[in-house]
Structure formats: structure tokens, C-alpha cells
Amino acid sequence: MRSEHFLENQKQTASRRKAIDLWFGRLGFVLMLGTLGVLAVLLLNLAVNGLSRIDWHFLTSFPSRKAAEAGVLSAWVGTTLLMLVTASLAIPLGVAAGVYLEEYAPKNRWTDFIEINIANLAGVPSILYGLMALGLFVYKFKFGQSILAGGMALGCLVLPIVIVATRESLRTIPSSIREAAFALGATRWQAVWHHLLRYSTGGIATGVILAMSRAIGESSPLITIGALTFIAFLPPAPLIAQPPFVSFEWLFSPFTALPIQMFNWVSRPGEEFQANAAAAGLILMVITLGMNGVAILLRRHVQRNIKW
Amino acid sequence: MVWILRFGGWISVLVTFGIVITLVTESGPFFAKVPFQRLVSDRMWTPLFADPQYGISALLAGTLVTTGVALLVAVPLGTILAIFLSEFASVRLREVVKPMLELLSAVPTVVYGYFALLTLTPLLQILLPDLPQFSMLSAGLIMGIMIIPYVTSLGEDSMRSVPMLLREGAYALGDGKLGVALRVVFPGAFSGLAAAYVLAISRAVGETMIVAIAAGLQPKLTMNPLDSAATVTAFIVQVSLGDLPHGSIGYQSIFAAGAVLFLMTLGFNLAGHALRRRFHHAV
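Every value quoted in this text rests on a predicted model; they were computed, and no experiment measured them.

S.K.: Help me get a handle on the environment of V77(A), residues and values and all.
M.R.: All names here are of chain A. Relative to the helices and strands, V77 is located in helix 3 (residues 73–104). Take V77: there are 19 C-beta atoms within 10 Å of it, and that puts it in the partly exposed class. Sequence-wise, V77 and F255 are 178 residues apart; in three dimensions their C-alpha atoms are separated by 8.9 Å.

And the structure:
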């Protein structure tokens, strides 16, 4: 009699637990859809308000006091040039740092310090990179409020992303590859250059794409160094007609960028400017989400196709 | 060749020194001029006015409230999603959903700011007719959405690294999925989850564009999320937008605000990494 009662009790508890599990599963699923829905709403909202503004004229016009005539020419040119500086700073230095820490660095306190430092650097708010750039690059190095200063600020900002991606990608290569190279008489550098870097290209590229997509969307460091919101001219062209055919004058030109231009339009009253903001936001979203999508696919491709 | 690589390793230290030294030297004159007592006891933050007030609490209040609102969104939602993805979802669903959730933190923050100011605030004004155009509530809610991936991603990683044996033991004793998740996995992964929370706080404290666009640029000592107020970061943006001669009081004040911000986030970051390290040792 008692054991029957016990069994009955157990059955009830079990079915109650199953019901709870079922409900929690549903709750989690709904919340997941809701959270992802925010992303969809965001995109849809920008598309509804801004898509009609995006045309050839919008891409090839300077900002203007009249919302309908304004465009993002100086903004996207500025963003492109900034990214050139950012990439040429963050990629070589980030990869070098990753290779050094993963393949060369002795295990000691100094290395530990560098590692904690990188982890912390990745969490420093982006606006503080802007303050550093303002004090150091703009005034101390006298680069002025230029593309060079802005690109360097963004380069420092995304450096930890490249370093971490490089290290993680090197770490997945089994040590037998290194040992095989050493056994054939390769130096450490030859092992790195001819083997390790080649096999980790996919992983490093993933990190670089994520880093650049982060840099494209950043606005606060550029605002602190004094990127202007109203730029109605283009920086000097990097290619010129007379020898030596390349010019670096553009590095020292004042600039604006897509997120800065968008911020400027958001903070203006009037629906027409807000439509411009939505259009600029849509362009930004397509670029950053697109780059993230490519990075996700690339990572998946690398993980699937490389089996050691 | 090795020398070049080693320089790469040091560059991160150089950047950190660059940040610290710039903040210290450029904010030095500000802290030398303003007595500590006024920082603490003044109730307004108006360093650029003719009759300046230096109550840093007016800025900290804005940061505190927006961060608090963001955490009220991100901690429960992020944790439930982490439990769902780690314990309930199929492997396939998880592999699709996790990268998509991470897209939420890849959205440019100026876009979030736009969304908070021009979409969420009007919606909230239907419910709360007195809500001003700029409000910490709206900015905080959107910031909460932005930091969900930090909680979910790190939290899910640490929950999944809790050994299967522990779960199986609990199942053998007759517990259900949610029971195992809450009584076995959650406590087992707690320091990992705590690290996720702390890093999310650090993100929210340092977030700039959302609050600068949607929470307002006027420093105000208020704890009411329905009010508008500037955060530490928004103050830096507001001053930077104006003309900012080198060495002026405005210039010095943004570095002072930056130094305060750096100390806050450094504290959270170090705590977060210590917790993460402890978790990896424990598992």
C-alpha cells in the first residue's frame, strides 16, 4: 500500500517535471525568436524609412543643408580611406603579435602580463581609444584631425580582435606539423612562414573580417578626435598624374565617415533628415552584417574542411 | 625576423600605456585644479560654465541608471537564452542561432541609437505619455539588447563545459531538465556566468553612441530612468562635438571623464577575467 502510494507520488512528480521542462523549452524558444526578431525589425525599419533615399544621387552627393539633396559621398570615401589605414596597421601588427605570443614567447611573467593586457585591451571602451588618439596622435604627433589619426585609433581598437583570432587559429594546428618542419631542418621562422601561416589563413581572415566590420561601424573614437560632420569635399586622390604617381596627402586630410554622417542626421530635427539617417544606417547594416555573415561562413568552411 | 614579431607582441602593451599616459597627463591639470571635495560634494556637472560645478555624481548617475536598465534586460533574457541553448536546444538549432545572436553585438551602435530615439521612444510614449524625447529608459533597453550576446555566448560556453557526468547523476536521481539546469549546471557554471555578467556590465558602462543619441546630453543627478541625463561617455561626445582647443578646460574635462571611465571598466574587466580564469581552473 505504501509503496503504491510512493509510486503514484513519483509518477506525479515526474509528469510535473516534464510539463515544466516543456514550458521552459517553449519559453526559451519564444524568447529566442523575439531576440532575433529585434534584428529583423531593425533591418526592416531602416529599409522602410531609408531604402527609397538610396539612389545614385545619394551615393555621389556631398552633405547638404537640404535633406533631399544630401548624400554620403564624402562619408563613404572617408570610411574607405580610414579602413585602408586601419587594415594596414591592425593586420600586420596583429598577426605578428599573435605569431609571437603563440610560437615564440617564452612562458614567463612578462608573457602572462602581455596576455592579461590584451584581454583587458579588448574590453576598453572604444571612446577611450578616441581620447588616446586625440591626446597622442592629433596633438603630440601633430597628425591633426586627420584620416591618419582616425585610422590609427580604429587600428588600435581592433588590434586585440586580430591578435586573438591569429592565436586561436595557430593553436588548432597540431604540434606534429611544427615538429615535422623542424625535423627537416626548418628554422622556427621557416616553419611559421611556410606552414603555420598558410594553414591558419582561413582563421586569420575570419578575424580580420570581423575586426574590419567592427571598425566600419565605430563612431565614438572618430567624434572625439574631431571628425567633422559636414565635409563637402574629397581628400586629395591617392593616385596622381605626375610621378611618383602615388600621393599620401590624403592621410592628413580632414574627414567624415558613414557612422558620423548618420549620427549627424539622427540628431537633426525633421523627418527628411531622419530618412537620410535610415538610408545611411541601412548601408552600414548591410556592410557590417554582410561581413559578419561572410566571417561565419568562412569559419564554418575552415572547421569543416581542415581535419588534421 | 623575430624582432619584428616581438615588437608585435609589445604593441598591445604600448597601446595600453598610450591610453593610460594620455589620460593621466591630459586630465592632470583638471584634477590639480578641482579639489577632490568638490568632485564628491557638488551636485551638478557643469565644468564649462562660468560658474563651474564639478559634481561627478551627476555623470555617474546617468551611467548607473542606463547600465542598470540594460542589465535588467540582458541578465534575465541572456541567462534564459543561455540555459535554453545549452540544455534544451538541439545541436543544429544551437549552431544556427548562436552566430545569429552574436550579430546583435555587431550592429553599429549608432544604428541602435537611431532605433532607440526614433522607434522605441515613440512606442514607449504611447504607454508612458510623460516620457521625454530623450530618456535613459529607452537607451538602456536598447543597450540591454546589444549586450545580450555577451551574456548568452559566454554563459552558454561555460554551461556546456560543465561535465556531462554531473548532469547524468542528477537525471539518474530523477530530476527534470530544468531542475538539472538550475540545480546542477547553473551552480557549476556560476563563476563563468558571473564573468559574463561582469563583462556585460563593462560593455554597458563604456557604451557611447546609444546613450549619446537617445538618453540626452544634459548631465543631471537623477535616478529616474524616465528622465533624461548624460552618462560619462555621452558627456565626452557632447564636448567633443563642439570646438575643443588643446588645453582648454573642456579638453581637460573630457580626459578627466575618460580617466574615471577607464578605472571603472578596468575594474570590471579584471574581475571578469579573474572569474573566467577561476572557472577554467575549476572545470
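So that's the structure; there's more coming.
S.K.: Please provide a residue-by-residue account of the domain arrangement of chain A, values included.
M.R.: Residue and element names in this part refer to chain A. What the domain assignment reports for chain A is domain 1 (1–53) and domain 2 (55–305). Between the C-alpha centres of domain 1 and domain 2 there is a distance of 39 Å. If you look at the interface, domain 1 gives seven residues, while domain 2 gives nine residues. For the side of domain 1 that touches domain 2, the class distribution of residues is four nonpolar, two polar and one charged.

S.K.: An account of the packing of helix 6 (residues 147–171) of chain A against helix 9 (residues 201–217) of chain A is requested, with residue identities and associated values reported.
M.R.: All names here are of chain A. For the pair helix 6 and helix 9, interaxial distance at closest approach is 8 Å and the crossing angle is 160°. One element, helix 6, and the other, helix 9, form an angle in the roughly antiparallel class. Handedness of the crossing formed by helix 6 with helix 9: right-handed. Side by side, helix 6 and helix 9 meet where L154, L157, V158, I161, V162, V164, A165, T166, E168 and S169 of the first sit next to G203, I204, T206, G207, V208, L210, A211, R214 and A215 of the second. Looking at the contact of helix 6 with helix 9 residue by residue, the classes come out as twelve nonpolar, five polar and two charged.

S.K.: Could you give me a rundown of the nonpolar core, with the residues and numbers involved?
M.R.: In this structure, A133(A), V162(A), I142(B) and V151(B) are the most contacted members of the largest nonpolar core, which totals 182 residues. Broken down by element, this core gets its largest block of residues, 16 residues, from helix 6 of chain A. Residues from two domains meet in this core; each of domain 1 (1–53) and domain 2 (55–305) of chain A gives at least three. The contact partners of A133(A), leaving out residues within four places of it in the chain, are V138(A), A149(A), M152(A), A153(A), P221(A) and I225(A).

Each value, and the rule that gives it
- Residues numbered from 1 in each chain as written.
- Chains lettered and ligands numbered in written order.
- Predicted model: local features only at pLDDT ≥ 70, side-chain atom pairs only at ≥ 80, totals over all residues.
- Helix = DSSP H or I, 4+ residues; strand = E, 2+ residues; numbered from the N terminus.
- Buried ≥ 20, exposed ≤ 12 C-beta atoms within 10 Å, placed from the backbone.
- Domains from an automatic or database assignment.
- Contact = placed C-beta atoms within 7 Å.
- Nonpolar A, V, L, I, M, F, W, Y, C, P; charged D, E, K, R; others polar.
- Axes fitted to C-alpha atoms, helices over the stretch in contact; angles between N-to-C directions.
- Parallel < 35°, antiparallel > 145°, perpendicular 65-115°, else oblique.
- Left-handed = near helix turned anticlockwise from the far one by under 90°.
- Core = buried A, V, L, I, M, F, W, Y, C linked by C-beta atoms within 7 Å.

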